[in-house]
Amino acid sequence: MKSKYCGYAGRVMEIDLGSQSVCEYPWSDEQRELYLGGKIMAAKILCEHLTGQEAAFSEDNWLVIATGPLTGTGAPSSARFDISAISPLTGILASSNCGGSFGFHLKKAGYDALIIKGKCKGHKWLEINDDEFIFHDAGELWGTSTGECHQMLSELTGKKNFGRLCIGPAGENLVKYAAVISDERAAGRTGMGAVLGWKGLKAITVCGSKSLEVYDREKTAAYIKKWVAYLKNHPLTGSQLPNMGTAGLVSSMQAHSLLATRNYAAGQFEDFESVSGEALAEKYNVNNSGCLGCTIKCRRNVTVENKLVKGPELETLVLLGSNLLNRDIESVLELNYLADELGLDTISCANTIAWAMEANEKGLWKNGLEFGKCDNLPTIFEDIAHRRGIGDELAEGSKRLSEKYGGRDFAIHSKGLELAAYEPRRAVGQGLGYAVANRGGCHINGGYAVIAEGLGLNADPQTPKAKADLTMLLQDLMEAISASGQCIFTSYAFFPKALLAKPNGILTKSVNALLPHLGWAMRFINRFPRLFAVNLPIIHHTGIIKHALGMKMDLGRYIEIGERGYTMERLINTRFGISAENDRLPKRLTDVPQDPNDPTTKVPLETMKRTYYKARGWDDNGIPTEKTLKRLKIK
Ligand code: SF4
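Enquirer: Even after reading the chapter, I still don't get the overall build of the protein chain, so can you show me in this structure?
Expert: For the protein chain, the count of helices and strands is 26 helices and 17 strands. The C-alpha atoms of the protein chain give 23 Å as radius of gyration, which agrees with the globular expectation for 635 residues (26 Å, within 12%). Judged by the C-alpha coordinates and their principal axes, the protein chain covers about 65 × 60 × 50 Å. Here the protein chain holds 635 residues, and 65% of them are scored as buried. Within the protein chain, counting contacts between residues at least 6 apart in sequence, those at least 24 apart form 70% of the total. Accessible surface computed for the protein chain: about 22000 Å², of which carbon and sulfur atoms make up 51%.

Enquirer: Looking at this structure, how should I read the environment of Gln20?
Expert: Here Gln20 is to be found in the loop between strand 1 (12-16) and strand 2 (21-25). A relative accessible area of 37% means that Gln20 is categorised as partly exposed. The spatial distance from the C-alpha of Gln20 to the C-alpha of Gly171 is 21 Å, given a sequence separation of 151 residues. Apart from the residues lying within four places of it in its own chain, the contact partners of Gln20 are Lys124 and Phe135.

Enquirer: What exactly am I supposed to notice about the domain arrangement of the protein chain here?
Expert: It is common to give the size of an interface as the accessible area lost on bringing the parts into contact. Partitioning the protein chain into domains gives domain 1 (12-207), domain 2 (245-418) and domain 3 (427-631). Measuring from the centre of the C-alpha atoms in domain 1 to the corresponding centre in domain 2 gives 26 Å. The partner domain 2 presents 34 residues to the 34 residues of domain 1 that form the contact. Sorting the residues of domain 1 by area buried against domain 2 places Tyr177, Glu184 and Arg189 first, and these three jointly supply 28% of that buried surface. Where domain 1 packs against domain 2, one counts 4 salt bridges. One salt bridge connects Asp345 with Arg189, and the closest N-O pair in it is separated by 3.2 Å. Along the contact surface separating domain 1 from domain 2 lie 22 residue pairs in polar contact (both at pLDDT 80 or more). Elements supplying a minimum of two residues to the side of domain 1 that touches domain 2: helix 4 (146-157) and helix 5 (169-172). It is helix 4 that contributes the most residues to the side of domain 1 that touches domain 2, 3 residues altogether. Of the residues assigned to the side of domain 1 that touches domain 2, the class counts are 15 nonpolar, 12 polar and 7 charged.

Enquirer: Can you walk me through the pattern of salt bridges in this structure?
Expert: Inspection of the entire model under this criterion finds 43 salt bridges. In this structure, a network of salt bridges that share partners links the residues Lys176, Arg387, Asp392, Glu396 and Arg400.

Enquirer: Sorry, what's going on with the packing of aromatic side chains here?
Expert: Centre distance and the angle of the planes are the two values used to describe a pair of aromatic rings. One pass over the structure, following the stated rule, counts 15 aromatic pairs. Ring pairs connect the aromatic residues Trp355, Trp365, Tyr405 and Phe410, which therefore count as one cluster. Taking NZ or CZ as reference, Arg32 lies 5.2 Å from the ring centre of Tyr8, over its face.

Enquirer: Just checking my understanding: could you explain the site of the ligand for this structure?
Expert: In the region of the ligand, the neighbouring residues are Ser77, Arg80, Arg185, Gly290, Cys291, Cys294, Ile296, Lys297, Cys298, Cys487 and Phe489. Class assignment of the residues belonging to the shell around the ligand gives a composition of 6 nonpolar, 2 polar and 3 charged. Shared between two domains, the shell around the ligand takes at least three residues from each, and those domains are domain 1 (12-207) and domain 2 (245-418).

Enquirer: How do you make sense of the sheet that holds strand 4 (residues 81-86) when you look at a structure like this?
Expert: Whenever strands of a sheet pair, they do so through backbone hydrogen bonds, lying parallel or antiparallel. Read across the open sheet, the 6 strands follow the order 2-1-6-3-4-5; overall the sheet is mixed. The sheet is open, and its two borders are formed by strand 2 and strand 5 (93-98), each paired with just one other strand. Going from strand to strand, the sheet's axes swing by 20° on average, the running direction of each strand aside. Here helix 2 (residues 38-49) sits on the sheet and contacts strand 1, strand 2, strand 3 (63-67), strand 4, strand 5 and strand 6 (113-117); the angle it forms with strand 3, its principal contact strand, is near 150°. Where helix 6 (residues 192-199) meets the sheet, it contacts strand 3, strand 4, strand 5 and strand 6, and its direction lies at approximately 65° from that of strand 4.

Enquirer: What am I meant to see in a nonpolar patch on the surface here?
Expert: A surface patch of nonpolar side chains, amounting to about 310 Å² of accessible area, comprises Phe524, Phe528 and Leu531. With respect to the element layout, Phe524 can be found in helix 21 (residues 519-527). Overall, the relative accessible area of 39% leaves Phe524 in the partly exposed class.

Enquirer: How should I be thinking about the packing of helix 7 (residues 217-233) against helix 22 (residues 541-549) in this particular structure?
Expert: When two helices pack together, their arrangement is given by the angle between the helix axes and by the axis-to-axis distance. Interaxial distance between helix 7 and helix 22 falls to 9 Å at its minimum, and their mutual angle equals 160°. Put simply, helix 7 runs roughly antiparallel to helix 22. Where helix 7 crosses over helix 22, the handedness of that crossing is left-handed. Packed against helix 7, whose contacting residues are Lys219, Thr220, Tyr223, Ile224 and Trp227, the element helix 22 presents His541, Gly543, Ile544, His547 and Ala548 at the interface. Residue classes in the contact of helix 7 with helix 22 are distributed as 5 nonpolar, 4 polar and 1 charged.

Enquirer: Explain helix 7 to me, please; I cannot follow it from the model alone.
Expert: Structural remark: α-helix, 3.6 residues per turn; residues separated by three or four positions point the same way. For helix 7, built from 17 residues, the straight-helix expectation of 24 Å at 1.5 Å per residue is met to within 8% by its first-to-last C-alpha distance of 24 Å. Considered for burial, the residues of helix 7 that qualify are Thr220, Tyr223, Ile224, Trp227, Tyr230 and Leu231. Projection of helix 7 onto a plane perpendicular to its axis shows the buried side chains occupying an angular sector of 125°, all on one side. Along helix 7, exposed side chains directed more than 90 degrees from the buried face belong to Glu218, Lys225, Lys226, Lys232 and Asn233. Where helix 7 is buried, its residues meet helix 8 (235-244), helix 19 (497-501) and helix 22.

Enquirer: Can you help me understand the sheet that holds strand 13 (residues 285-289) in this one?
Expert: One open sheet accounts for 3 strands, arranged 13-14-15; its pairing is antiparallel. Since the sheet does not close on itself, it has two edges, and those belong to strand 13 and strand 15 (307-310), each with one partner. The average angle at which neighbouring strand axes cross in this sheet is 35°, direction not considered. As paired strands, strand 13 and strand 14 (residues 299-304) are joined by 4 bridges and run antiparallel to one another. Note that in strand 14 the partner of Asn285 across the bridge is Val302. Across the sheet, helix 10 (residues 277-284) is in contact with strand 13 and strand 14; its angle to strand 13 comes to roughly 105°.

Enquirer: Can you help me understand a negative patch on the surface in this one?
Expert: Residues Glu305, Asp328, Glu330, Glu334 and Asp375 make up a contiguous surface patch of negative charge. With respect to the helices and strands, the residue Glu330 is situated in helix 12 (residues 329-342). What makes Glu330 partly exposed here is its relative accessible area of 40%.

Calculation criteria
- Residues numbered from 1 in each chain as written.
- Predicted model: local features only at pLDDT ≥ 70, side-chain atom pairs only at ≥ 80, totals over all residues.
- Heavy atoms only, no water.
- Helix = DSSP H or I, 4+ residues; strand = E, 2+ residues; numbered from the N terminus.
- Rg over C-alpha atoms; globule rule 2.2 N^0.38 Å.
- Buried < 20%, exposed > 50% of the residue type's maximum accessible area, 1.4 Å probe, protein only.
- Contact = heavy atoms within 4.5 Å.
- Areas by Shrake-Rupley, 256 points an atom, 1.4 Å probe, with all protein chains shown as cover.
- Domains from an automatic or database assignment.
- Buried area = accessible area lost by both parts, 1.4 Å probe.
- Salt bridge = Lys/Arg side-chain N within 4 Å of Asp/Glu carboxyl O.
- Polar contact = N/O pair within 3.5 Å; in protein donor to acceptor, adjacent residues only side chain to side chain.
- Nonpolar A, V, L, I, M, F, W, Y, C, P; charged D, E, K, R; others polar.
- Phe/Tyr/Trp six-rings, centres within 6.5 Å; stacked < 30°, edge-to-face > 60°.
- Lys NZ or Arg CZ within 6 Å of the ring centre and 35° of its normal.
- Near = heavy atom within 4 Å.
- Pairing = 2+ DSSP bridges.
- Axes fitted to C-alpha atoms, helices over the stretch in contact; angles between N-to-C directions.
- Patch = residues over 30% accessible without salt bridge, like charges linked within 9 Å, V, L, I, M, F, W, Y side chains within 5 Å.
- Parallel < 35°, antiparallel > 145°, perpendicular 65-115°, else oblique.
- Left-handed = near helix turned anticlockwise from the far one by under 90°.
- Expected span 1.5 Å × (residues − 1).
- Arc of directions from axis to C-beta.
- Lys, Arg positive; Asp, Glu negative; His and termini not counted.
- Charge placed at Lys NZ, Arg CZ, Asp CG, Glu CD.

See the structure below:
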């Protein structure tokens, strides 16, 4: 349905793979106002469809590819798109975000989202050219690496300027954490590649000729100019991310004992310098680049096998480095490249291997894997992607393996999704975020409170005070940013430069000291967001929606949209049996202090969970109440 708002392409298409038919799915302006786009739009579509009975590998598992309204408007870092479905790794709602240019091209073809239903007869790939949807036999593509597949798609379509995404061997072989790759960018987490693999869909290409309009061209251009200058002048988005990517955080994590080491048994690695962002920048980085139209350009390019390829980001560097006691950064570079080629999520893959190393050491599962011995990992990666030997078992993820062999206390996941690289016993708000995150152990979906607990600010990382309310506020903001099609790295610039410039200055120290006492203030914003009908100069995300889309927007509405999305995702998950019982972390993180001499260095999860549920308007069992659902217009 065409929209009165600019920014939207106007149509959502439903694609039935079995019958190879395509029709339009109704989507109104009222829904655009309530759900914005991206992952929240996908959640609403799935909320209407899912009953809680659907298995990840079933024809009823709809996979939604959704863009945000800012994609194509020229807003900074706004070419992200989302893939949502039931995850084969967790069995609950998943969403995986990806950069590159696919979302932009999808909108140029006239579509805000694609709903992919059913299963192909045989193996197919789908070519979309404006209004034309062509199903091709994927015979020659099936079995190729993602790099080969991307190259072949260029040759098969005869196009240069177009969007493409595909799965690698891992997706084809239903590895539970298989990624979808688009222009070397990964929708890495939660196994969306395996969902496409089960459906028999190897790749999608899209090319369009429609124009994308903005509401007020002059105001939009002026606003973007100002915002870009702000991002470029900010120490995180203008310097750290472009110069070192997220890998630049390794040294800070070491300093704050946040660096996942030896399967999260420790927060520091004696040889961290060998796998740090600085080591990467000094010896291996060739240049930086970014997703389409990105101002920040956090991608670091390195040379592997004489090819210029994407370098490892923080998660990969840490989880294939310190967490495996791997000191060889070149091996991390190679494994990172191999994971992309095979279509594997490095976070879940590396965490599962870390668990297997410890299980081997403890005699629970004799598999030959050992901490610090990483020469065999390229073979292990290939074996996982092709489900050969122990790779077939490792392809199932750490939760299932620990249920089979024992060792649940050190299987580092939440709801089946392996944790990111931040060791949460020294950032307990991040620990809460991992546990309650809708998609499982994710730092971003968990709210990324660690940025206030050591990586940006340094508010007492051990206290549970104010962490629940902070987590909720950050989760909702990031939910809305993601739904608009923007990269969440733009939110790094929320931090006032003055605080970052002088971490030991009086002002910064005062903010750090005050933050744990501001839970009540954050609770007030969380509970009554509509009272904050303002646009703040450091949160540019709301102003751009007014100028580029012509939609009413302010901070309060924005936060409320985020809260609506977050709660709706939770509602879907409750249909799949999720409750407080599932918002858990392994005992290693909740019961064993990181520092044996300091009992506070563990995650006081249950205390924070109770406050968090209250803040969200969920009951003690973590279920959104009827009152909350009505308030958010979900019911
Ligand atoms: S900041 Fe990095 S991940 Fe985000 S849009 Fe830019 S290049 Fe892509």
